[in-house]
Amino acid sequence: MKIEKFVEPNFGENIYVLSDDESKKCAVIDPGLGANIESKVLSYIKNNDLILEYIILTHGHGDHIGAVEYIKERTNAKVIAHHDEKELLLDKKKNLSNMMHCGPQEFEADIYVKDKDKLELGNLKLTFLHTPGHTKGCMCIRVGNEMFTGDTLFAGSIGRTDLYGGDYKQIEKSLKKLSKYEDNVVIYPGHGPHSTLGVEKMTNPYMSR
């Protein structure tokens with residue numbers, strides 16, 4: 001398994017390419033749009049002989065979905081989102097893309113998942129974890145000892161809850177859910193550096209053991 005990170009410069013949003021070494025199958029997680037970052041992601045996939053199967057969204061805010069249609073049109077990859085994020089994906093005002101440099105974004109996911117649904121990516125086994133609070137349909141993606149936490153959990157902080165669909169009580173419940181996982185799980189947030197759940201349980205003021 002390999003994880004490659006690209007940082008979208010306007011919002012500092014992390015775009016990840018998750019790939020299986022043996023099958024060469026891969027997924028792009030949260031493709032933001034800006035400074036030709038979408039072309040860099042596709043060039044990386046091509047130069048490493050990867051096969052893009054899925055575009056996976058931790059949630060539907062504009063800074064995380066800006067390049068979805070660009071990449072999908074060029075690869076025919078299937079878009080995956082949580083079932084409760086459908087409303088956000090279909091409304092440019094609610095997902096805030098109408099106010100962002102990416103321009104208005106409204107689309108359907110090809111596959112809607114629910115809590116604890118699983119997906120195979122080559123030899124990799126992904127598990128989707130519903131973690132609402134930042135948005136109604138926020139989710140984390142667990143694969144092996146790694147977890148993509150989107151804007152639910154950052155290193156030292158959490159995603160904001162004052163936007164449409166945000167709910168602080170819900171994100172508290174989601175953080176308690178994540179705190180039950182092993183300390184050595186490496187987290188890859190939607191913004192900022194990676195960390196581990198163990199470090200966040202000890203130092204993140206929003207999490208507790």
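Now for a quick tour of the structure. (Residues numbered from 1 in each chain as written. Predicted model: local features only at pLDDT ≥ 70, side-chain atom pairs only at ≥ 80, totals over all residues. Heavy atoms only, no water.)

Brief notes about the state of the cysteines
And then number 1: Counting across every chain of the model gives zero disulfides.
And then number 2: Cysteine Cys138 is unpaired, with the sulfur of Cys140 as its nearest cysteine sulfur at 7.5 Å.
And then number 3: Taking the relative accessible area as the measure of exposure, Cys138 reaches 1% and is therefore buried. (Disulfide = S-S within 2.5 Å. Buried < 20%, exposed > 50% of the residue type's maximum accessible area, 1.4 Å probe, protein only.)

Some remarks on the nonpolar core
General note: in soluble globular proteins, nonpolar side chains tend to be found buried as a group.
And then number 1: Counting residues in each nonpolar core, the largest one holds 28 residues, and the members touching the most others are Val17, Val28, Ile45 and Leu57.
And then number 2: Those residues in contact with Val17, other than ones at most four positions away along the chain, are Lys2, Ile3, Glu4, Phe6, Cys26, Ala27, Val28, Val41, Tyr44, Ile45 and Leu50.
And then number 3: In terms of nonpolar packing, the next biggest core, distinct from the first, is built from 19 residues, Ile56, Ile80, Val113 and Leu126 among them. (Core = buried A, V, L, I, M, F, W, Y, C linked by side-chain atoms within 4.5 Å. Contact = heavy atoms within 4.5 Å.)

Looking at the layout of surface pockets
Over the atoms, a rolling probe the size of a water molecule traces out where space has been left empty.
And then number 1: Volume-wise, the largest pocket comes out at about 200 Å³.
And then number 2: Lining the largest pocket we find Phe11, His61, Asp63, Leu96, Met100, His134, Asp151, Phe154, Gly159, Arg160, Leu163 and His191.
And then number 3: Broken down by class, the residue content of the lining of the largest pocket amounts to five nonpolar, four polar and three charged. (1 Å grid on protein atoms, 1.4 Å probe; cavity = no way out; pocket = protein on both sides within 12 Å on 5 of 7 lines; lining within 4 Å. Points joined across faces, edges and corners; volume = space filled by probe spheres on them. Nonpolar A, V, L, I, M, F, W, Y, C, P; charged D, E, K, R; others polar.)

Remarks on the packing of helix α1 (residues 37-47) against helix α3 (residues 68-75)
And then number 1: Direction vectors running N to C along α1 and α3 enclose 35 degrees, while the axes themselves pass 10 Å from each other. Crossing handedness for the pair α1 and α3: right-handed. Residues Glu38, Ser39 and Leu42 of α1 touch α3, and the partners they reach there are Tyr70, Ile71, Arg74 and Thr75.
And then number 2: Of the residues that constitute the contact of α1 with α3, the class distribution is three nonpolar, two polar and two charged. (Axes fitted to C-alpha atoms, helices over the stretch in contact; angles between N-to-C directions. Helix = DSSP H or I, 4+ residues; strand = E, 2+ residues; numbered from the N terminus. Left-handed = near helix turned anticlockwise from the far one by under 90°.)

A short note on the sheet that holds strand β8 (residues 124-130)
And then number 1: Read from one edge of the open sheet, six strands run β7-β8-β9-β10-β13-β14, paired in mixed fashion. The open sheet has two edge strands, β7 (118-121) and β14 (195-196), and neither has a second partner.
And then number 2: Strand direction decides the pairing type here: β8 and strand β9 (residues 139-143), joined by five bridges, are antiparallel. For Leu129, the partnering residue across the bridge sits in β9 and is Cys140. (Pairing = 2+ DSSP bridges.)

Quick look at the packing of aromatic side chains
And then number 1: By the definition in use, this model includes four aromatic pairs.
And then number 2: Ring centres of Phe6 and Tyr44 lie 5.7 Å apart, and the angle between their planes is 70 degrees; on these two criteria the pair is classed as edge-to-face. Here Tyr44 lies in helix α1 and Phe6 lies in strand β1 (residues 2-8), a separation of 38 residues in the sequence.
And then number 3: By relative accessible area, Phe6 is classed as buried at 14%.
And then number 4: The cationic tip of Arg74 hangs over the ring face of Tyr70; the distance from NZ or CZ to the ring centre is 3.6 Å. (Phe/Tyr/Trp six-rings, centres within 6.5 Å; stacked < 30°, edge-to-face > 60°. Lys NZ or Arg CZ within 6 Å of the ring centre and 35° of its normal.)

Some words on the sheet that holds strand β3 (residues 25-29)
And then number 1: With mixed pairing, six strands are arranged side by side in an open sheet as β1-β2-β3-β4-β5-β6. The sheet terminates laterally at β1 and β6 (111-113), the two strands that pair on one side only. If you compare each strand with its neighbour and ignore which way they point, the axes differ by 25 degrees on average.
And then number 2: Bridging between β3 and strand β4 (residues 51-56) involves five bridges; their strand directions are parallel. Looking at the pairing, Lys25 lines up with Ile51 of β4.
And then number 3: In the packing of α1 onto the sheet, the strands contacted are β1, β2 (13-19), β3 and β4, and the crossing angle to β1 comes to about 160 degrees.
And then number 4: Packed on one face of the sheet, α3 meets β3, β4 and β5 (78-82) and runs near 150 degrees to β4.

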